[in-house]
Amino acid sequence: MPDSLSSLFETFQQNDQTRFPRDLAGDGIFEIDFVMLAADTHAVISTFLGRKGTHGKMSEAHYLLLLKLESEYNLVLPNLKGEGYSYFKAHYNLVIRVLDYLKATNFEGLEE
């Protein structure tokens with residue numbers, strides 16, 4: 001069974017309280033900027049969840065971006081350690097949970 005929107009929102013809020021790893025600011029790998037990876041993830045998921053975590057809607061463009069982010073995390077994570085790995089692993093897990101939610105609900109939250 002997929003996560004509920006409230007569970008996703010709670011995890012999102014917890015992740016949002018975590019500071020970006022200072023040593024990764026201005027850095028990246030495979031032409032993936034770490035700050036942009038975090039910012040894009042935050043933007044897509046916050047739009048999906050809405051202010052109160054009850055929205056549950058996503059445009060097709062945001063869905064495609066979420067898939068792109070998933071593939072970028074798959075490139076980035078094996079090359080990180082310590083705080084950077086923990087920070088981005090938590091973001092990656094949330095991306096996966098949102099994708100799982102959309103799949104489990106037959107993409108009902110996907111808007112054209």
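Residues numbered from 1 in each chain as written. Predicted model: local features only at pLDDT ≥ 70, side-chain atom pairs only at ≥ 80, totals over all residues. Heavy atoms only, no water.

Which residues make up a negative patch on the surface, and what values go with them?
A contiguous patch of negative charge, built from D23, D27, D33 and E83, is present on the exposed surface. The topology assignment puts E83 in helix α4 (residues 82–104). By relative accessible area, E83 is classed as exposed at 51%. (Patch = residues over 30% accessible without salt bridge, like charges linked within 9 Å, V, L, I, M, F, W, Y side chains within 5 Å. Areas by Shrake-Rupley, 256 points an atom, 1.4 Å probe, with all protein chains shown as cover. Salt bridge = Lys/Arg side-chain N within 4 Å of Asp/Glu carboxyl O. Lys, Arg positive; Asp, Glu negative; His and termini not counted. Charge placed at Lys NZ, Arg CZ, Asp CG, Glu CD. Helix = DSSP H or I, 4+ residues; strand = E, 2+ residues; numbered from the N terminus. Buried < 20%, exposed > 50% of the residue type's maximum accessible area, 1.4 Å probe, protein only.)

Describe the packing of helix α2 (residues 34–49) against α4, with residues and values.
One can describe the packing of α2 onto α4 by two numbers: an axis separation of 11 Å at closest approach and a directional angle of 35 degrees. In terms of crossing hand, the pair formed by α2 and α4 is left-handed. The residues of α4 that touch α2, namely those facing F34, L37, A38, T41, I45 and F48, are Y87, F88, H91, L94, V95, V98, Y101 and L102. Grouping the amino acids of the contact of α2 with α4 by side-chain chemistry returns twelve nonpolar, two polar and no charged. (Axes fitted to C-alpha atoms, helices over the stretch in contact; angles between N-to-C directions. Left-handed = near helix turned anticlockwise from the far one by under 90°. Contact = heavy atoms within 4.5 Å. Nonpolar A, V, L, I, M, F, W, Y, C, P; charged D, E, K, R; others polar.)

Could you give me a rundown of the pattern of salt bridges, with the residues and numbers involved?
Throughout the structure, instances matching the rule amount to one salt bridge. Its salt-bridge partner being E72, residue K68 comes within 2.9 Å of it at the nearest N-O pair. Of this pair, K68 and E72 both sit in helix α3 (residues 60–76), separated by four residues, roughly a single helical turn. The exposure class assigned to K68 is partly exposed, which follows from its relative accessible area of 44%.

Please provide a residue-by-residue account of α3, values included.
For α3, which comprises 17 residues, the first-to-last C-alpha distance of 24 Å matches the rise-based estimate of 24 Å (1.5 Å per residue) to within 8%. All buried positions along α3 are accounted for by Y63, L66, L69, E72, Y73 and V76. Looking at the packing, one finds that the buried side of α3 touches β1 (28–29), β2 (32–33), α2, β3 (58–59), α4 and β4 (110–111). (Expected span 1.5 Å × (residues − 1).)

Can you break down the nonpolar core residue by residue, with the values?
Counting residues in hydrophobic clusters, the biggest one holds 31 residues, and the most contacted among them are F48, L66 and F88. Counting residues per element, the ones that place at least two in this core are α1 (5–16), α2, α3 and α4. Of all the elements, α4 adds the most residues to this core, at ten residues. (Core = buried A, V, L, I, M, F, W, Y, C linked by side-chain atoms within 4.5 Å.)

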